[in-house]
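This is what each chain is made of:
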Amino acid sequence: MGRSILQRSVRAGPGGDTDSRKRWWNLVMVLAAAVTGRMFIRRLLRRVRTISGDLAEINVSDEHAQIAQHRDPQEVTQLVNNINASLDMLDRERQFASNIAHEIRSPLAGIRVTVEQAATCPGEADYPRVLESVLRGVERLEALATALLLIARSRAAQADWEQIDLCELVRHEVADRNDPISIEVICTPGVEVTAMRTRISQIVTNLLDNAQRHAAHQVQVRIGRSNGNARLSVSDDGPGVPEKDRERIFDRMHQLKNISQRGGPGTGLGLAITRDIAKAHRGAVWVESSPLGGACFIFQLPIAAP
């Protein structure tokens, strides 16, 4: 009987050692995971503190800068990319605000000088010319204010969207204009989009104003379909846009130099507003060479669902 118990104990011994080793191995793995996790978290926190410090320095310096990329985990790399994109956007907005301030100061300075000269010698002032000069400055300020308001509203609520027949809208906009150069409209019937009518009307107005400013004798509008998209193009026979400038002209306040313009320069915001509205409608706008010999601005957005 005693021998039987001893034999069972001996047989149970190796199994007990195996279970013990497993428990020790599991404990070692848990401890190793805990240590590794703690080291990873500490390294991650150091990196976050570094990013925070870099952002603080950028805020203090008030200069355009970027967060340096390291060999970070994918999530941290994505965070740094998003921060750098935001910094780029803020820098563009800061530059835009500076440009707008300059543009507003110019007409204000002109108005001030004109009024001060008239006030200094009231008996010698040519008041019709004074009022004409002041009115030009006010019109310039009004155009800038209107453009800024349109930029602020370019991403309005989708609740205001509706189904629009592009041909009908363009013909209506052209009929309401009084342009020095007649506009030829060529339409494919039934091209409909889901959009904000006032915003699409603003795009049409901006592109037609631009074409009228640069055209020599012809302005043409075409509406059609292309690869499941509605496409509206406005062409002119003016000097065109050099290839190196075809992206920059959509920057806010950018205007081409040495290009003839009818009616004087614009605000430099029309094409920027057009692109903002296009993006808000999941569309795109770009410029290429025109079959008429000048520039062809193309606005494209998805066809309305049936």
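Residues numbered from 1 in each chain as written. Predicted model: local features only at pLDDT ≥ 70, side-chain atom pairs only at ≥ 80, totals over all residues. Heavy atoms only, no water.

S.K.: I'd like a rundown of the side chain of Ser-233, residues and numbers included.
M.R.: Mapped onto the secondary structure, Ser-233 falls in strand E5 (residues 229-236). Given a relative accessible area of 10%, Ser-233 falls into the buried group. Aside from chain neighbours lying at most four places away, what touches Ser-233 is Gln-220, Val-221, Arg-222, Cys-296, Phe-297 and Ile-298. (Helix = DSSP H or I, 4+ residues; strand = E, 2+ residues; numbered from the N terminus. Buried < 20%, exposed > 50% of the residue type's maximum accessible area, 1.4 Å probe, protein only. Contact = heavy atoms within 4.5 Å.)

S.K.: A description of a nonpolar patch on the surface should follow, citing residues and the corresponding values.
M.R.: A cluster of nonpolar side chains, namely Trp-24, Leu-27 and Leu-31, defines an oily patch on the protein surface of about 350 Å² accessible area. You can see Leu-31 is positioned in helix H1 (residues 2-61). (Patch = residues over 30% accessible without salt bridge, like charges linked within 9 Å, V, L, I, M, F, W, Y side chains within 5 Å. Areas by Shrake-Rupley, 256 points an atom, 1.4 Å probe, with all protein chains shown as cover. Salt bridge = Lys/Arg side-chain N within 4 Å of Asp/Glu carboxyl O.)

S.K.: Tell me about the pattern of salt bridges, and please be specific about residues and values.
M.R.: In the structure shown here, the tally under the stated rule is eight salt bridges. Among the salt bridges present, the one from Asp-245 reaches Arg-248, with a minimum N-O distance of 2.2 Å. Residue Asp-245 is classed as buried on the basis of its relative accessible area of 5%. Three or more residues joined by partner-sharing salt bridges are found here, namely Arg-177, Asp-179 and Asp-209.

S.K.: Lay out unusual backbone geometry in plain terms, naming residues and giving numbers.
M.R.: We note that Asn-227 has phi near 50°; this positive angle belongs to a residue other than glycine. Residue Asn-227 is classed as exposed on the basis of its relative accessible area, which comes to 77%. For Arg-282, which is not glycine, the phi torsion reads 60° and is therefore positive. For Arg-282, the location among the structural elements is in the loop between helix H6 (270-280) and strand E6 (284-289). Judged by relative accessible area, Arg-282 falls into the exposed class, the value being 56%.

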